[in-house]
Amino acid sequence: MDRTFDLDEADALMPEVLARTAVLVDLRADLAELTHDLRATGHSRLGGVAEAKGLEARLSESFGWFTETGIEVKGIAPFLIDFPSVLDGESVRLCWLEGESSLAWYHLTTLGFPGRRRIP
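Since the model is a prediction, treat every value here as computed from it, not as a measurement.

Criteria and cut-off values
Residues numbered from 1 in each chain as written. Predicted model: local features only at pLDDT ≥ 70, side-chain atom pairs only at ≥ 80, totals over all residues. Heavy atoms only, no water. Phe/Tyr/Trp six-rings, centres within 6.5 Å; stacked < 30°, edge-to-face > 60°. Salt bridge = Lys/Arg side-chain N within 4 Å of Asp/Glu carboxyl O. Helix = DSSP H or I, 4+ residues; strand = E, 2+ residues; numbered from the N terminus. Buried < 20%, exposed > 50% of the residue type's maximum accessible area, 1.4 Å probe, protein only.

Peer 1: Tell me about the packing of aromatic side chains, and please be specific about residues and values.
Peer 2: Throughout the structure, instances matching the rule amount to five aromatic pairs. Site record: aromatic cluster; members linked through ring pairs are Phe-63, Trp-65, Phe-66, Phe-79 and Trp-96.

In structure tokens:
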């Protein structure tokens, strides 16, 4: 889905983004622990291969909401998303990184994360 967000639209989605990200972070941690344990010892307090597959499916489903909404997932650890937008006639991405409490950054589409600046 190609979608452009204005700042108000992106801000309005942030409570849902934060809630879904909290779930996603827990799933990511469980999958990392389970996978590590299975590779290292062949067993885990979190289950076995079937549980790992289930966690993978739930993670994929969690990411799906973001892409279906038009939000670009740029990284998963840490979780990084971009909202395509336009600022002063320039193509930008309103940028949110796991751990931030609000949407406060953007970067030019052509520069990516290294060009990250505070939203004016």
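Text resumes after the structure shown.
Peer 1: Any chance you could break down the pattern of salt bridges for me, citing the residues and the numbers?
Peer 2: Here the structure, examined in full by the defined rule, presents seven salt bridges. Across the pair Arg-45 and Glu-33 runs a salt bridge whose closest N-O atoms are separated by 3.0 Å. Residue Arg-45 is found in the loop between helix 1 (7-41) and helix 2 (49-69), and its partner Glu-33 is found in helix 1; the two are separated by 12 residues along the sequence. A residue is classified by how much of its surface remains accessible, and Arg-45, at 68% relative accessible area, is exposed. Given a relative accessible area of 27%, Glu-33 falls into the partly exposed group.

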